[in-house]
Amino acid sequence: MIVSGYRLIPQAGEANDTMSNFWNKQIERADYLAAESSGSKELLTFYAQLLRAQAEFYDSLRSRKNWLPSGDLETDLPVVRPSMTAILESVARHGPTSLAEEAQTLLTSEPDTLPDALSEYWRNPSDTQFFAKALLQPYARWLAETSTPLAGRELAGGERTCPFCGGRPQLSFLQARESNAESGNRDLLCATCLNSWEFRRVVCANCGEERPVKLGYFHSPEFDHVRIEACDSCQHYIKGIDLTRLGWAVPLVDEIYAAPLDLWAREHGYTKIELNLVGL
Ligand SMILES: [Zn+2]
Ligand SMILES: [Zn+2]
């Protein structure tokens, strides 16, 4: 906050401190790991830029005066759409070649192309629709934080999809809720709205398999706090981030940092429940 004359003027981001904490935390961790990592450096450098653009978009929604989202994407789109351009520009500048070209195409496309793609994703989310997912995450998170019920999107129901938006889990994480809890609680983090919900520990997040003999956990010494949680009934997997082992890990970012584990899982015949924003 700086004082100018008689008025207090919030500086960029400052007014939204609490809510922006989420994004700042992701960005700081991505910057840190990008500098440290060798194998995933390029992925993390790109992801850090993408997070910055998403955070800016999110802040533009939050700081908009006299406006709250309706929860119906088609109604909100005329308002939120102009702020999405910066995300496309960021991908065009920093993204890998194929995404950068696609971003450039979207920036110059017919006015209906992007809204149509977003509406389609809203009704029927797919992890291969990179742009729709990246553009709608900040919007969906804003809806969740303002407890705005969603319209025009079917909720599948059940514990394996997000109770708020119906999205699929991007990852799972373990954290200690009580100070003396030894092994930690398991939560799933939603790929669409980035909120999390409690989930049972020994259950496949894709098909609900509960028999321990069908569930496998794999990790490598290189990523001590990240493991592959695989299911031999449906042949799917999700990555689990163990915050009881590394308290300052940030699940969304550490999941990308441990990209080599995805290659291992794929080589062993497992399919990921939901691809992340770097396509792994
Ligand atoms: Zn969700
Ligand atoms: Zn399964």
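So, how was this worked out
Residues numbered from 1 in each chain as written. Chains lettered and ligands numbered in written order. Predicted model: local features only at pLDDT ≥ 70, side-chain atom pairs only at ≥ 80, totals over all residues. Heavy atoms only, no water. Donors = N, O, S within 2.8 Å, 3.2 Å for Na, K, Ca; no water. Tetrahedral: all angles 85-135°; square planar, octahedral: opposite > 155°, others 65-115°. Buried < 20%, exposed > 50% of the residue type's maximum accessible area, 1.4 Å probe, protein only. pLDDT = per-residue confidence, 0-100. Contact = heavy atoms within 4.5 Å. Salt bridge = Lys/Arg side-chain N within 4 Å of Asp/Glu carboxyl O. Helix = DSSP H or I, 4+ residues; strand = E, 2+ residues; numbered from the N terminus. Phe/Tyr/Trp six-rings, centres within 6.5 Å; stacked < 30°, edge-to-face > 60°. Lys NZ or Arg CZ within 6 Å of the ring centre and 35° of its normal. Axes fitted to C-alpha atoms, helices over the stretch in contact; angles between N-to-C directions. Parallel < 35°, antiparallel > 145°, perpendicular 65-115°, else oblique. Nonpolar A, V, L, I, M, F, W, Y, C, P; charged D, E, K, R; others polar.

## Overview of the coordination of the zinc ion (ligand 1)
Phase 1: Binding of the zinc ion (ligand 1) to the protein goes through Cys 162 (SG), Cys 165 (SG), Cys 190 (SG) and Cys 193 (SG), at separations of 2.3 to 2.4 Å.
Phase 2: One way to put it: the 4 donor atoms around the zinc ion (ligand 1) meet at angles of 97 to 117°, and that makes the site tetrahedral.
Phase 3: Each donor residue of the zinc ion (ligand 1) lies on the same chain, and together they follow the pattern C-x2-C-x24-C-x2-C.
Phase 4: The exposure class assigned to Cys 190 is buried, which follows from its relative accessible area of 0%.
Phase 5: Judged by relative accessible area, Cys 193 falls into the buried class, the value being 0%.

## Considering the confidence of the model for the protein
Phase 1: Put simply, the protein has an average pLDDT of 90, and 91% of its residues get 70 or more.
Phase 2: For the stretch residues 1-16, pLDDT sits under 50, and the model shows 18 contacts to residues farther than four places along the chain or on other chains.

## Regarding the pattern of salt bridges
Where charged atoms of side chains with opposite charge meet at close range, the side chains can pair.
Phase 1: Counting across every chain of the model gives 19 salt bridges.
Phase 2: The salt bridge involving Glu 120 is made with Arg 123; its shortest N-O contact spans 3.6 Å. Placement of the pair is Glu 120 and Arg 123 together in helix H5 (residues 113-123), with a separation of 3 residues, close to one helical turn.
Phase 3: Arg 245 is the partner of Asp 242 in a salt bridge, and the nearest nitrogen-oxygen pair spans 3.5 Å.
Phase 4: Connected through shared salt-bridge partners, Asp 127, Lys 133, Arg 168 and Glu 274 make up one network.

## Quick word on the packing of aromatic side chains
Phase 1: All told, the structure shown has 9 aromatic pairs when counted by the stated rule.
Phase 2: Ring geometry for Tyr 58 and Trp 142: centres 6.2 Å apart, planes at 80°, overall edge-to-face. Of this pair, Tyr 58 sits in helix H2 (residues 41-62) while Trp 142 sits in helix H6 (residues 130-145), placing them 84 residues apart in sequence.
Phase 3: A relative accessible area of 5% places Trp 142 in the buried class.
Phase 4: Here Trp 122 and Tyr 139 contribute two aromatic rings whose centre-to-centre distance is 5.6 Å and whose plane-to-plane angle is 55°, an arrangement assigned as tilted. In this pair, Trp 122 sits in helix H5 while Tyr 139 sits in helix H6, placing the two residues 17 residues apart along the sequence.
Phase 5: Three or more aromatic residues link up through ring pairs in this structure, and these residues are Phe 22, Trp 23, Tyr 58 and Trp 142.
Phase 6: The ring of Phe 22 carries the charged tip of Arg 141 above its face, separated from the ring centre by 3.6 Å.

## A look at the packing of H2 against helix H3 (residues 73-94)
Geometry of a packed helix pair, given as the angle between the helix axes and the separation of the axes.
Phase 1: Their axes nearest at 9 Å, the elements H2 and H3 cross at an angle of 170°. Judged by the angle between their axes, H2 and H3 are roughly antiparallel. Two secondary-structure elements touch here, H2 through Phe 46, Gln 49, Leu 50, Ala 53, Gln 54, Phe 57, Ser 60 and Leu 61 and H3 through Val 80, Ser 83, Met 84, Ala 86, Ile 87, Ser 90, Val 91 and His 94.
Phase 2: Residue composition of the contact of H2 with H3, by class: 10 nonpolar, 6 polar and no charged.

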